[in-house]
Amino acid sequence: MSEVHVMSHPLILDKLSHMRSEDTSSKDFRQLLKEISLLMGYEVTRDFAVKQVSVQTPLCEGMFPQLEQCFITIVPILRAGIGMVDGMLELMPFAHVGHIGMYRDEETHQPVEYYFKMPKQVENSIVIVVDPMLATGGSAIDAVSALKSRGCTNLRLMNLVAAPEGVAAMQKAHPDVDIYVAAIDEGLNEDAYIVPGLGDAGDRIFGTK
């Protein structure tokens, strides 16, 4: 079974509380999301392997650690996942970015895929799927399934806020994919929104309704 990593860093918790407020503007919401994504990125990448390489310093030559695998792909689930990319790229400017487009059917609450674009040989990279919300888990499950069907095997999922139902569904569907979240909230309401949550992340990021 996959591991669920709940991040309790004070800076992450403080920024998330500000994002939850209905008075937070789209501009501030986007900035806070970028900042949290960068902070969460440290934890998501904690287990990345390193190798020893020779480096010539101004004083002498020595052996020092560098990333063993630099082919890393950040995959936002459109559209809200885009809001997490800048923070991750600030942390890893060498990373590639792929995109998976999905929307939620308002009647069935199930995701519908409409776009898939990845860097070449994405199957050889470490793939970090990002989306602010893990509600029913449908979009995340389908996104990971789509990546696996293209040969990806080294995947992890990063969300801001999750519902217990979404976590359970994701673990059942993909027990080999670890989940990284800033908070696990109470659950879902009748419209499949996370409660207390922070509202519709996409609308709050882009100022739409």
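Preceding this paragraph is the structure being described.
Definitions and limits used
Residues numbered from 1 in each chain as written. Predicted model: local features only at pLDDT ≥ 70, side-chain atom pairs only at ≥ 80, totals over all residues. Heavy atoms only, no water. Core = buried A, V, L, I, M, F, W, Y, C linked by side-chain atoms within 4.5 Å. Buried < 20%, exposed > 50% of the residue type's maximum accessible area, 1.4 Å probe, protein only. Helix = DSSP H or I, 4+ residues; strand = E, 2+ residues; numbered from the N terminus. Pairing = 2+ DSSP bridges. Arc of directions from axis to C-beta. Axes fitted to C-alpha atoms, helices over the stretch in contact; angles between N-to-C directions. Parallel < 35°, antiparallel > 145°, perpendicular 65-115°, else oblique. Left-handed = near helix turned anticlockwise from the far one by under 90°. Contact = heavy atoms within 4.5 Å. Nonpolar A, V, L, I, M, F, W, Y, C, P; charged D, E, K, R; others polar.

Asker: How should I be thinking about the nonpolar core in this particular structure?
Answerer: A general trend in soluble globular proteins is that nonpolar side chains are found buried together. With 35 residues, the main nonpolar core has I128, M158, L160 and L198 as its most contacted residues. Sorting the residues of this core by element identifies α1 (10–20), α2 (26–44), β4 (72–78), α3 (85–91), β8 (126–134), β9 (155–162), β10 (178–184) and α6 (201–206) as the ones contributing at least two each. Sorting elements by how many residues they give to this core places α2 first, with six residues. Counting 23 residues, the second-largest nonpolar core is a separate cluster that includes M102, V127, C152 and I179.

Asker: Please clarify how the pairing of strand β2 (residues 50–56) should be interpreted in this entry.
Answerer: As a general feature of sheets, a regular strand has side chains that alternate between the two faces. In this structure, β2 lies alongside strand β3 (residues 61–67), joined through seven bridges in antiparallel fashion. Opposite V53, over in β3, you have F64 as the bridge partner. Counted between consecutive antiparallel strands, the loop separating β2 from β3 contains four residues.

Asker: Where do I start with α1 in this structure?
Answerer: In an α-helix, one full turn covers 3.6 residues, which means residues spaced three or four apart are oriented alike. Those residues of α1 that fall on the buried side of the exposure criterion are I12, K15, L16 and M19. Looking down the long axis of α1, one finds its buried residues gathered within 100° of arc, a one-sided arrangement.

Asker: Could you clarify how one ought to interpret the packing of α1 against α2 in this entry?
Answerer: Each pair of packed helices gets described by two things: the angle between the helix axes and the distance between those axes. The geometry of α1 relative to α2 is characterised by a closest axis approach of 10 Å and an angle of 155° between their N-to-C directions. In terms of orientation, α1 and α2 fall into the roughly antiparallel class. Both α1 and α2 take part in a crossing whose hand is left-handed. Only F29, L32, L33, E35, I36, L39 and M40 of α2 make contact with α1, whose side of the interface consists of L11, I12, K15, L16, H18 and M19. Class assignment for the residues of the contact of α1 with α2 results in ten nonpolar, one polar and two charged.

What is shown is where atoms sit, not what they do.
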